[in-house]
Amino acid sequence: EVQLVESGGGLVQPGGSLKLSCAASGFTFSDSAMIWVRQASGEGLEWVGRIRSKANNYATAYAASVRGRFTISRDDSKNTLYLEINGLQTEDTAVYYCARFREENSGYSDYWGQGTLVTVSS
Amino acid sequence: QSVLTQPPSVSGAPGQRVTISCTGSSSNLGSNYNAHWYQQLPGTAPKLLIYGDTNRPSGVPDRFSAFKSGTSASLAITGLQAEDEADYYCQSYDRSLGGWVFGTGTKVTVL
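Residues numbered from 1 in each chain as written. Chains lettered and ligands numbered in written order. Predicted model: local features only at pLDDT ≥ 70, side-chain atom pairs only at ≥ 80, totals over all residues. Heavy atoms only, no water.

### A closer look at the side chain of A:Thr80
Residue and element names in this part refer to chain A.
So, step 1. Topologically, Thr80 is positioned in strand 8 (residues 80-85).
So, step 2. Judged by relative accessible area, which is 11%, Thr80 ranks as buried.
So, step 3. Side-chain polar atoms of Thr80 contact the backbone oxygen of Lys78, separated by 2.8 Å.
So, step 4. Discounting chain neighbours no more than four positions away, the residues touching Thr80 are Ser21, Cys22, Ala23, Phe29, Arg74 and Asp75. (Helix = DSSP H or I, 4+ residues; strand = E, 2+ residues; numbered from the N terminus. Buried < 20%, exposed > 50% of the residue type's maximum accessible area, 1.4 Å probe, protein only. Polar contact = N/O pair within 3.5 Å; in protein donor to acceptor, adjacent residues only side chain to side chain. Contact = heavy atoms within 4.5 Å.)

This is the structure in structure tokens:
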């Protein structure tokens, strides 16, 4: 059974930093591209970024709204995906989901974690 | 503001058919990038409903179907059930943005 479990969310002051984790199991993590998606309360889904597998040089891509502040990385030895967020702004307050990313058919996500809440407030 | 536009809400009585549109442009759906659909039940994570324009993952009822043509895609739910009450999102790739985008989302209400 595929499982994705996010952790690391919490209350952070504006300007602060946070590193989210996503523990994967039930599939060959090292062969899979992964993405992060966020959702502010009562709002829609926003694609944050993607990281490809080692075979694809761990290539990353980010939404324009987060580029330069967000960094996606992975540790295949731990089957874990990360999202490091710097310079947190109130508008970064959201539930952050990790998901496995299938790169065929223009790219889609077939498995999602339950999400972790990040709240940016003073 | 998303580049994929969906109606904010649609509703129907149990057993009826509802459709949700997803309108894009020449830089996403119109460039032959595939449309995908997700269902998000209240308080839960999104779930893949349709991939590659028309394909249902294993376990998704055949009451759900989808279609894509030109710069638009649509999701149809036939035989609407109370458990279908959720938010639905389309998703594709946008070459102008250089990344993936979700639609604005549609709330389906079962009357």
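### Describing the sheet that holds strand 3 (residues 18-25) of chain A
All names here are of chain A.
So, step 1. Within the open sheet, the four strands sit side by side as 1-3-8-7. Their pairing is antiparallel. In the strand order of this sheet, the two ends are held by strand 1 (3-7) and strand 7 (70-75), each with one partner. Across the sheet, the mean angle separating the axes of adjacent strands is 20 degrees when strand polarity is ignored.
So, step 2. With six bridges connecting them, strand 3 and strand 8 associate as antiparallel partners. Bridging across to strand 8, Leu20 finds its partner in Leu83. (Pairing = 2+ DSSP bridges. Axes fitted to C-alpha atoms, helices over the stretch in contact; angles between N-to-C directions.)

### Focus: the state of the cysteines
So, step 1. Per the stated rule, a full pass over the model turns up two disulfides over all chains.
So, step 2. The partner cysteine of A:Cys22 in its disulfide is A:Cys98, sulfur to sulfur 2.0 Å. Taking the torsion about the S-S bond as the criterion, the A:Cys22 to A:Cys98 disulfide, at about 60 degrees, is right-handed. Of this pair, A:Cys22 sits in strand 3 while A:Cys98 sits in strand 9 (residues 94-102), and the two are 76 residues apart along the sequence.
So, step 3. Judged by its relative accessible area of 0%, A:Cys98 falls in the buried class.
So, step 4. Two residues share a disulfide in this structure: B:Cys22 and B:Cys90, whose sulfurs sit 2.1 Å from each other. Its S-S torsion of approximately 75 degrees makes the covalent link between B:Cys22 and B:Cys90 right-handed. (Disulfide = S-S within 2.5 Å.)

### Some details on the nonpolar core
So, step 1. One finds A:Leu20, A:Trp36, A:Phe70, A:Leu81, A:Leu83, A:Tyr96 and A:Trp112 to be the most contacted residues of the largest nonpolar core, which totals 45 residues.
So, step 2. The leading source of residues in this core is strand 9 of chain A, at six residues.
So, step 3. Not counting residues up to four positions away in its chain, the partners in contact with A:Phe70 are A:Arg38, A:Val48, A:Tyr62, A:Leu83, A:Glu84, A:Ile85, A:Asp92 and A:Tyr96.
So, step 4. Counting residues in hydrophobic clusters, the runner-up holds 23 residues, among them B:Ile20, B:Cys22, B:Ala35 and B:Phe64. (Core = buried A, V, L, I, M, F, W, Y, C linked by side-chain atoms within 4.5 Å.)

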